[in-house]
Amino acid sequence: MIPGPFTYHRPESVADAVKLLGELGEEARPLAGGHSLIPMMKLRLATPEHLIDLHGIGDLKGISRDGDRIVIRAMTTQHDLIASELIGSAVPILHEAALLIADPQVRYCGTIGGNVANGDPGNDMPGLMVTLDASYELQGPVGTRSVPAREFYQGAYFTALEPGEILTAISVPVPPAGHGYAYEKLKRKIGDYATAAAAVVLTMEGGKVASCAIGLTNLAETALLAEDAAKSVIGTSLDDAALKRAADAARAIMTPAGDGRGPAEYRIHVGGIMVQRALKRAAARIRAA
């Protein structure tokens, strides 16, 4: 439970961090909140020779609005999301999901950049970002580029990040006024990853679903966008038949592994239930408005 030896670096700018990553190569790892990397180092599953601590970079912190998008800098913590009035009013599903991540101690340190960047299928925020059609700003030795969240995840712990790149910000489109939202997460205990979770953002007109996006967490090697499930409820009032079709369509793309949270069949079953619950609660928010 003791990490191997490493050299500690604390750059003061993104450019300096990128330069260090380029010079030190594969033996260097950026450090954000540390909740994924440090446990792996303690178990000697990760043995980087250099840690590049991003906490000293002021440009990587903060939340702002840019037109019809919310920009969240990578070192913004989950606690910062919860405390942000801008997030609460413009993208409230992020506020709701952040409250379900681990416990207050973890949320004070855990960053949104670390949560979305390392490709852990159990992390909550990737599924939210896929649902919201967010994009990620990546800065590396050849400059800055933007990658849609829906194209970023390639497999468990495999992402579109190139060697030497750092995820610096997340850009989230502001959902329409009056939209419904919900994040339903089943977990064994406080602090655990989801056994299964589903995010829903939708709009309704005349009592019928006009638009819908559904994201799934920890039900495959990456966060999933359940496109067929979302399409199946368009034009419906979310009656029982529509909810069942959506759950069945979502289950069709789930490929979880059996683990301590249950066998794959169980996780697929409750994954469909999370989709139904999220759809119903998102619609109820609109009807109650």
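Residues numbered from 1 in each chain as written. Predicted model: local features only at pLDDT ≥ 70, side-chain atom pairs only at ≥ 80, totals over all residues. Heavy atoms only, no water.

A. Representation of the nonpolar core in the model. Counting 39 residues, the largest nonpolar core has Met125, Met129 and Tyr136 as the members making the most contacts within it. At 5 residues, the largest contribution of residues to this core is made by helix α8 (residues 125-132). Sequence-distant contacts of Tyr136, that is, excluding residues within four places in its chain, are made with Val116, Pro126, Met129, Arg145, Ser146, Val147, Ala149, Phe152, Tyr153, Leu167, Ala169 and Ile170. If you look at the next biggest cluster of nonpolar residues, it comprises 30 residues, including Leu238, Met254, Met274 and Val275. (Core = buried A, V, L, I, M, F, W, Y, C linked by side-chain atoms within 4.5 Å. Buried < 20%, exposed > 50% of the residue type's maximum accessible area, 1.4 Å probe, protein only. Helix = DSSP H or I, 4+ residues; strand = E, 2+ residues; numbered from the N terminus. Contact = heavy atoms within 4.5 Å.)

B. Expanded view of the side chain of Arg107. The topology assignment puts Arg107 in helix α6 (residues 104-109). Of the side chains bearing the opposite charge, Asp103 lies closest to the buried Arg107, which forms no salt bridge; the N-O distance is 6.4 Å. Engagement of the side chain of Arg107 in a polar contact is seen with the backbone oxygen of Ile101, the distance being 2.9 Å. The residues touching Arg107, leaving out its near neighbours within four places in the chain, are Thr77, Gln78, His79, Ile82, Ala98, Leu99, Ile101 and Ala102. (Lys, Arg positive; Asp, Glu negative; His and termini not counted. Salt bridge = Lys/Arg side-chain N within 4 Å of Asp/Glu carboxyl O. Polar contact = N/O pair within 3.5 Å; in protein donor to acceptor, adjacent residues only side chain to side chain.)

C. Representation of helix α12 (residues 264-288) within the structure. Spanning 25 residues, α12 covers 36 Å between terminal C-alpha atoms, matching the ideal 36 Å at 1.5 Å per step. Turning to α12, its buried residues are Arg267, Val270, Gly271, Gly272, Met274, Val275, Ala278, Leu279, Ala282, Ala283 and Ile286. Residues of α12 that are buried in the fold lie against β11 (180-186), β12 (196-205), β13 (208-217), α10 (227-233) and α11 (240-251). (Expected span 1.5 Å × (residues − 1).)

D. Looking closely at the packing of aromatic side chains. Scanning the entire structure with this criterion turns up 3 aromatic pairs. Considering the side-chain rings of Tyr136 and Phe152, the 4.9 Å spacing of their centres and the 85° angle between planes classify their relative orientation as edge-to-face. Here Tyr136, found in strand β6 (residues 135-140), pairs with Phe152, found in helix α9 (residues 149-152); they are 16 residues apart in sequence, far enough to count as distant. Overall, Phe152 belongs to the buried group, its relative accessible area being 0%. Judged by centre distance (6.2 Å) and plane angle (85°), the rings of Tyr136 and Tyr153 are edge-to-face. Residue Tyr136 is located in strand β6, and its partner Tyr153 is located in strand β8 (residues 153-155); the two are separated by 17 residues in the primary sequence. As far as burial versus exposure is concerned, Tyr136 and Tyr153 are alike and both buried. One aromatic cluster in this structure is built from Tyr136, Phe152 and Tyr153. (Phe/Tyr/Trp six-rings, centres within 6.5 Å; stacked < 30°, edge-to-face > 60°.)

E. A look at the sheet that holds strand β3 (residues 50-53). Read from one edge of the open sheet, 3 strands run β1-β3-β2, paired in parallel fashion. The sheet terminates laterally at β1 (7-9) and β2 (28-31), the two strands that pair on one side only. Across this sheet, the average inter-strand angle for adjacent strands is 25°, counted without regard to direction. Relative to β3, helix α1 (residues 14-24) is tilted by about 170°, and along the sheet it contacts β1, β2 and β3. (Pairing = 2+ DSSP bridges. Axes fitted to C-alpha atoms, helices over the stretch in contact; angles between N-to-C directions.)

F. Fine view of the side chain of Asp124. Mapped onto the elements of the fold, Asp124 is located in the loop between α7 (112-117) and α8. Within the structure, the side chain of Asp124 is placed 2.9 Å from the side chain of Lys185, a separation counted as a polar contact. With residues near it in sequence (within four places) discarded, Asp124 still touches Ile101, Asn115, Tyr183, Lys185 and Thr217.

G. Focus on the pairing of strand β10 (residues 166-173). Within β10, 7 of the 8 residues are buried, which leaves it mostly tucked inside the rest of the structure. Of the strand pairs in this sheet, β6 and β10 are connected by 5 bridges, and their pairing is antiparallel. Residue pairing in the sheet places Ser135 in a bridge with Ser171 of β10.

H. Quick peek at α1. Inspection of α1 places Val14, Ala17, Val18, Leu20 and Leu21 among the buried residues, and these make up the whole buried set. The buried residues of α1 occupy an angular sector of 160° when the element is viewed end-on, so they sit on one face. Among the exposed residues of α1, those oriented more than 90 degrees off its buried face are Lys19, Gly22 and Glu23. Buried residues belonging to α1 abut β1, β2, β3, β6 and β10. Remark: Gly25 follows α1 within two positions and exhibits a positive phi of approximately 65°. (Arc of directions from axis to C-beta.)

I. View of the pattern of salt bridges. For the structure on display, the rule yields 14 salt bridges. For Arg285, the salt bridge goes to Glu96, with nearest N and O atoms at 2.7 Å. With Arg285 in helix α12 and Glu96 in helix α5 (residues 92-98), this residue pair connects regions lying 189 residues apart in the sequence. We note a salt bridge from Lys185 to Asp124, for which the minimum N-O separation is 2.9 Å. Taken together, the residues span a long stretch of sequence, with Lys185 in strand β11 and Asp124 in the loop between α7 and α8 at a distance of 61 residues. Residue Lys185 shares its accessibility class with Asp124, and that shared class is buried.

Structural measurements only, silent on function.
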